[in-house]
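# Structural overview
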Amino acid sequence: MSLNKVMLIGNVGKDPEVRHLESGVPVVTIPIATTERYKDKNGEVKEQTEWHNVVFWRALAEFAEKYIHKGKQVYIEGRLRSRSWEDPNGQKRYATEIVADVVQLLGKRSDSEQPTTSDKPAASTASAEPVIEQQEGDDLPF
């Protein structure tokens, strides 16, 4: 048995990068920042920020494109995926990213960010913000 599970609460670093595969499947990539605060040996508060590349597919990509914007705080559940490719100069490149399975908007929302009735939450939450989950059986092409 194995488990590949990631849970993040962080802030969106820039607006979604949207692209579509030849088949028309939408894919959205968003950088998410998580910040750890701690006291050093001198008692000074320090911050360390980690950046995570999060990938959304299909319905989650459509949701992310519509509702997730730079500065927004989000909760993400997903799994790690590593991939490699060769760049135009022949260099081997590597990336580790989080493939999102669940996304929830956190913090206050403005009237312009109100989800429509077609954006039904997949699970109820106390914050009344939608929780959107990738449907089981969705095969991701990678």
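What counts as what
- Counting restarts for each chain, with residues numbered from 1 along the sequence as it is written.
- Whole-chain, interface and lining totals are the exception, using all residues; otherwise, since this is a predicted model, local features are given only for residues with pLDDT of at least 70 and side-chain atom pairs are given and counted only at 80 or more.
- Excluding hydrogens and water, the side-chain values take into account all heavy atoms of the structure.
- Only DSSP runs of H or I covering at least 4 residues are called helices, and only runs of E covering at least 2 are called strands; the numbering of each starts at the N terminus.
- We call two residues in contact when some of their heavy atoms are within 4.5 Å.
- In the analysis that follows, any N or O atom pair within 3.5 Å is treated as a polar contact, provided that within protein one partner can donate a hydrogen and the other can accept it, and provided that, for residues neighboring in sequence, both atoms belong to side chains.
- The pLDDT value expresses, per residue, how confident the predictor is, ranging between 0 and 100.
- Nonpolar cores are built from buried Ala, Val, Leu, Ile, Met, Phe, Trp, Tyr and Cys residues. Side-chain atoms within 4.5 Å join them into one set.
- Residue burial is assigned from relative accessible area. The probe radius is 1.4 Å, only protein chains are included, and a residue is buried under 20% of its type maximum, exposed over 50%, and partly exposed in between.
- Whether two strands pair depends on DSSP finding at least two bridges between them.
- Definition used for salt bridges: Asp or Glu carboxyl oxygen within 4 Å of a side-chain nitrogen of Lys or Arg.

With that settled, consider the environment of Arg93. Turning to its location among the elements, Arg93 is positioned in strand β6 (residues 92-105). The sequence separation of Arg93 and Arg83 amounts to 10 residues, and the corresponding C-alpha distance is 8.5 Å. With residues up to four places along the chain from it excluded, the contact list for Arg93 reads Arg83, Ser84, Trp85 and Asp87. Engagement of the side chain of Arg93 in a polar contact is seen with the side chain of Asp87, the distance being 3.0 Å.

The next thing to look at is the confidence of the model for the protein chain. Looking at the protein chain, the pLDDT average stands at 84 and 76% of residues meet or exceed 70. Per-element confidence in the protein chain ranges from a low mean pLDDT of 60 for strand β7 (residues 131-133) to a high of 97 for strand β1 (residues 6-12). Under a pLDDT of 50 for its full length, residues 116-129 has, in the predicted model, 20 contacts with residues more than four places off or in other chains.

Let us now look at the nonpolar core. Ranked by internal contacts, the top residues of the largest apolar core, which has 20 residues, are Ile30, Val54, Phe56, Ile68, Val74, Ile76 and Val103. For this core, the element with the most residues is helix α1 (residues 58-67), which contributes 5 residues. Within the second largest apolar cluster, 5 residues are counted, among which are Val25, Val55, Trp57 and Val99.

Glancing now at the pairing of strand β3 (residues 26-39). Bridge count between β1 and β3: 2 bridges; the pairing is antiparallel. What sits directly across from Val12, in β3, is Ile32. Here strand β2 (residues 17-20) runs beside β3; their pairing, made up of 4 bridges, is antiparallel. Bridged to Val18 within β3 is Val28. Here β2 folds back onto β3 in antiparallel fashion, the turn holding 5 residues, of which Gly24 has a positive phi close to 95°. Counted along the chain from β3 to the antiparallel partner strand β4 (residues 45-57), the turn is 5 residues long, and its residue Gly43 has a positive phi close to 85°.

Now for the side chain of Thr34. Residue position: Thr34 is located in strand β3. Owing to a relative accessible area of 17%, Thr34 belongs among the buried residues under this scheme. For Thr34, the side chain forms a polar contact with the side chain of His52, separated by 2.8 Å. Leaving out residues up to four positions away in the same chain, Thr34 has contacts with Leu8, Ile9, Gly10, Gln48, Thr49, Glu50 and His52.

As enumerated under the stated definition, the model contains 7 salt bridges in all. Of the charged contacts, one joins Glu77 and Lys5 as a salt bridge, the two residues approaching to 2.8 Å between their closest N and O atoms. Note that Glu77 is positioned in strand β5 (residues 73-86) and Lys5 in the segment before β1, a separation of 72 residues in sequence. Judged by relative accessible area, Glu77 falls into the buried class, the value being 17%. For Lys5, a relative accessible area of 48% puts it in the partly exposed group. Residues Asp101 and Arg79 are paired through a salt bridge, measuring 2.5 Å at the closest nitrogen-oxygen approach. Of this pair, Asp101 sits in strand β6 while Arg79 sits in strand β5, placing them 22 residues apart in sequence. Exposure remark for Asp101: the relative accessible area of 23% places this residue in the partly exposed category. Where salt bridges share partners, they join Arg81, Arg83 and Glu97 into one cluster.

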